[in-house]
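Secondary and tertiary structure notes
Here are the chains, one letter per residue:
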Amino acid sequence: QQQICLKLLLPHMRVQSLVTVAVCLSPRSWAQQVRDSCSLELSQLSQLSRAEFVQLLGALLRHDDDARLLQRLPEHLRAAGWGPLNASCVASHAPSRLPWRGFAARALLVTGTFRGGNLLETQLPVLCEAVDLVVLMTWRGEVPPDSTLRELPGKSLGRRCDFRLLEGDRAWINRDIFVPFLPTNDVQDFEIRAGLGAIGQHFEPFLGPADILVIRIRFDLFIPKSTLQHILSLNYSVPSKHTARPFLYRVWIPWYDALQPFYYGDDVFAGSLFDLEQICWPTSMMSNIPGTMAQIEPHIHKWIMPFLPWYPFFFKYRRNAYDITDKLLNTNGSSPSGYASVVVDLALGGKFSRHVDAYLINLWSLHFQLMSVFFHVGKSPSTEATHVVVEPDSMCFTKGTHIRLGAVRCRVGSRGFAVEPSDEVTFDDPLFEDDKVTPCRVAPADTSKGIVHVSRNSTHWARAVHSKEWAQRVLEGTIPEDGISERVAAQASQSPLAATHFTTTRGRILAKEAGRFVGELSTQWCSELFDEAGGVKTKGESFVASCCTGDSAWAGCWSRLRRNPGSGKWPSKLWRSSCCFPDRMFCPAWLHHYTFHRTEHS
């Protein structure tokens, strides 16, 4: 009705017409419509059983992953016409309908490639004391015929644990899902989806996905008793105003990157079956994304997807707006180790234009708030690592209840692990990388101060933080000022976390402004253009560092070209000047605009 009203009035707009427009767009009348709609839904929702409500809410939250979920609802729910537009109102009733009161069942999901070794068999006695079900999901032919794992399905292990071995066929994978630059991600996603589905079926019809805690690990991961007990003892409730936007309950992760939003450790994580089903790689059109997030893109995409519908701001981050996303892990900044973020250096030096600077501060502020609300991290308040990863074919030894691990790998998230007496495990710290030659440089982030300190003291391209307390201290402004951290705290104070689903009127506007329908950007294009056009770089020289650290507004990256780009493939305006931010922007923004219009009119 509002759209019709505007279409009739705008062509004939005069001063006296403003009164009519004000009536058409009255905030009070619109708000009343929303309240009436939610009240109508409440009357319908109150008639649903708990299981029906869980099924409906899950279908609405995961609609952009699998729209078929709505078609699988019971007949009386399908007849009621529930759809994505109802997501916000239905989610608002989740706190009263599905309060967290502990989990009724616990399951362990083990996925990945099985390469031998006996780590899993060694851990099973301890694991089965803590969970009700162990599901092992791997590929046909990987578990040897004589493996003891084949003797366990159908048996009850330990005091209370059932065991299931699932062997998938790679031919089952949906090859129609287009995931550019990530040829193995569909394999990983298939394993997790199949494993979660098996867990849900095992407990049906007595328990639903909101009642089951799932701990997911890899074949080569050792999870000690202290970490296991910590995960099981946590309170997973989410504040009412944030419940089901998107997670119903909190999710536990071992660590997160201090500078790169949604780069989380995923070799082990835990949460309700209901919530873990949301972090599967989406099969919808929203997942059809080129590589814009550097080498950690697979990690980021699956964690950010549940949040995109509720926090449209992150559409900017996903599409690499201002070429920030894939530069946060760029290790060409100034630091003794050479692992500082070039983005942090440029922001601290005032090199960004005002809108890019504001975007970056808002990005960190919003992400840290999400961390505080929806996640548990590590063994907080402890800042030690939670687990170790062993060599794939490593053999472990037991003596009574004590375990001696085989070779331990140098891995982000594993370094800094300290054995507690209850763990009853011993191992040697990894001395080298997987190549057996390079010394292991991985170390947790130094969180004694703020964002700038973390960047400048990085010893690895990933800055793993094993506790949520550091992000909270940044938000609270209780760490020393460094030129960036205090601004993140001020932004969080001015703009507290608030979800706006992108199917609402305001959400649609925010999503469009954030570039939901705009192509993704990547400065890799710029670097390739430089090379293609005959640019000369000294050995080991960084394209970003050499082009974008000058004091002038135009860095003149292209002044060293040997020849002009040929055949009109690249706009002359591009290579005659420069393509670098912060005062303008990297060239992909310009290239995208050029390519789009050239294609449109060709």
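Keep in mind it's a predicted model, so treat the numbers as computed, not measured.

Thresholds applied
Residues numbered from 1 in each chain as written. Predicted model: local features only at pLDDT ≥ 70, side-chain atom pairs only at ≥ 80, totals over all residues. Heavy atoms only, no water. Helix = DSSP H or I, 4+ residues; strand = E, 2+ residues; numbered from the N terminus. Buried < 20%, exposed > 50% of the residue type's maximum accessible area, 1.4 Å probe, protein only. Contact = heavy atoms within 4.5 Å. Areas by Shrake-Rupley, 256 points an atom, 1.4 Å probe, with all protein chains shown as cover. Axes fitted to C-alpha atoms, helices over the stretch in contact; angles between N-to-C directions. Parallel < 35°, antiparallel > 145°, perpendicular 65-115°, else oblique. Left-handed = near helix turned anticlockwise from the far one by under 90°. Nonpolar A, V, L, I, M, F, W, Y, C, P; charged D, E, K, R; others polar. Phe/Tyr/Trp six-rings, centres within 6.5 Å; stacked < 30°, edge-to-face > 60°. Pairing = 2+ DSSP bridges. Salt bridge = Lys/Arg side-chain N within 4 Å of Asp/Glu carboxyl O. Core = buried A, V, L, I, M, F, W, Y, C linked by side-chain atoms within 4.5 Å. Polar contact = N/O pair within 3.5 Å; in protein donor to acceptor, adjacent residues only side chain to side chain. pLDDT = per-residue confidence, 0-100.

**What about the overall build of the protein chain?**
If you tally the helices and strands in the protein chain, you get 24 helices and 15 strands. Looking at the protein chain as a whole, 54% of its 602 residues are labelled buried. If you take every contact in the protein chain between residues at least 6 apart in sequence, the share linking residues at least 24 apart comes to 73%. With the model as given, the accessible surface of the protein chain reaches about 27,000 Å², and the carbon-plus-sulfur share is 54%.

**Overview of the packing of helix 16 (residues 354–374) against helix 18 (residues 469–476)**
For the pair helix 16 and helix 18, interaxial distance at closest approach is 9 Å and the crossing angle is 130°. Of the possible angle classes, the one that applies to helix 16 and helix 18 is oblique. Helix-helix and strand crossings are classified by hand; for helix 16 and helix 18 the assignment is left-handed. Where helix 16 abuts helix 18, its residues Ser365, Phe368, Gln369 and Ser372 lie against Trp470, Ala471, Gln472, Val474 and Leu475. Per-class residue counts for the contact of helix 16 with helix 18 are five nonpolar, four polar and no charged.

**Observations regarding the packing of aromatic side chains**
With the rule as written, the count across this model stands at 26 aromatic pairs. Ring centres of Trp100 and Tyr236 lie 6.1 Å apart, and the angle between their planes is 55°; on these two criteria the pair is classed as tilted. Residue Trp100 is located in the loop between helix 8 (94–97) and strand 1 (105–111), and its partner Tyr236 is located in the loop between helix 11 (225–233) and strand 7 (251–253); the two are separated by 136 residues in the primary sequence. For Tyr236, a relative accessible area of 1% corresponds to the buried category.

**Regarding the sheet that holds strand 14 (residues 425–426)**
Taken together, three strands build an open sheet; the order of strands is 12-13-14 and the sheet is mixed. Of all the strands in the sheet, just strand 12 (397–399) and strand 14 have a single pairing partner and so form its edges. In this sheet, strand 13 (residues 402–404) lies alongside strand 12 in antiparallel orientation, the contact comprising three bridges. Paired with Phe397 across the two strands is Arg404, which belongs to strand 13.

**A few points about the pattern of salt bridges**
A complete count under the given rule lists 14 salt bridges for this structure. Between Lys436 and Glu391 there is a salt bridge, with the nearest N and O atoms lying 2.9 Å from each other. Residue Lys436 is located in the loop between strand 14 and helix 17 (451–456), and its partner Glu391 is located in the loop between strand 11 (388–389) and strand 12; the two are separated by 45 residues in the primary sequence. Look at Lys436 and you get exposed, because its relative accessible area is 53%. Residue Glu391 is classed as buried on the basis of its relative accessible area of 16%. In this structure, a network of salt bridges that share partners links the residues Arg218, Asp220, Arg409, Arg411 and Asp434.

**Some remarks on unusual backbone geometry**
Here Glu204 and Pro205 are connected by a cis peptide whose omega angle stands at -5°. For Pro205, the position within the fold is in the loop between helix 10 (185–203) and strand 5 (212–218). Following Ser380, the chain continues into Pro381 via a peptide bond in cis, with omega recorded as 5°. By the secondary structure assignment, Pro381 is in the loop between strand 10 (375–377) and strand 11. The backbone phi angle of Lys436 is positive, close to 65°, even though this residue is not glycine.

**What about the nonpolar core?**
The biggest cluster of nonpolar side chains holds 150 residues, and the ones touching the most others in it are Leu57 and Phe314. For this core, the leading source of residues is helix 16, giving twelve residues. Those residues in contact with Phe314 that sit more than four places away from it in its chain are Phe262, Ile304, Leu308, Leu363, Leu366, His367 and Leu370. Within the second largest apolar cluster, twelve residues are counted, among which are Val388, Cys396, Val425 and Phe427.

**Digging into the side chain of Thr386**
For Thr386, the position within the fold is in the loop between strand 10 and strand 11. Using a relative accessible area of 0% as the deciding quantity, one classes Thr386 as buried. A polar contact is formed between the side chain of Thr386 and the side chain of His387, at a distance of 2.8 Å.

**Focus on the confidence of the model for the protein chain**
Detailed reading of predicted coordinates is not advised where the pLDDT is low. The predicted model of the protein chain averages 77 in pLDDT, with 72% of residues at 70 or higher. Segment residues 1–36 is flagged for pLDDT under 50; beyond a separation of four residues in sequence, or across chains, it makes 14 contacts in the model. A low-confidence stretch, residues 284–290 stays under pLDDT 50, and its non-local contacts, those more than four residues away or across chains, total 23 contacts.

**Re the pairing of strand 1**
Look at any regular strand and the pattern is simple: side chains alternate between the two faces of the sheet. Counted residue by residue, strand 1 has six buried out of seven residues, so it is predominantly covered. As judged from the seven bridges shared by strand 1 and strand 5, these two strands associate in the parallel manner. Looking across to strand 5, one finds that Ala107 is bridged to Val214. Sheet topology places strand 1 next to strand 2 (residues 133–139); five bridges connect them, and they run parallel. For Leu108, the partnering residue across the bridge sits in strand 2 and is Val134.

**Remarks on the environment of Arg250**
By the element assignment, Arg250 lies in the loop between helix 11 and strand 7. When its relative accessible area of 13% is taken as the criterion, Arg250 is described as buried. Remark: the alpha-carbon pair of Arg250 and Trp100, spanning 150 residues in sequence, is separated by 9.9 Å. Excluding residues within four positions of it along the chain, Arg250 makes contact with Asn235, Tyr236, Ser237, Val238, Pro239, Gly271, Ser372, Val373, Phe374, Phe375, His376 and Lys468.

**Side note on the environment of Lys302**
Within the secondary structure layout, Lys302 lies in helix 13 (residues 297–304). C-alpha separation for the pair Lys302 and Cys280, spaced 22 residues apart in sequence, amounts to 5.9 Å. Ignoring anything within four residues of it in the chain, the contact list for Lys302 reads Asp266 and Ile279. Within the structure, the side chain of Lys302 is placed 2.7 Å from the side chain of Asp266, a separation counted as a polar contact.

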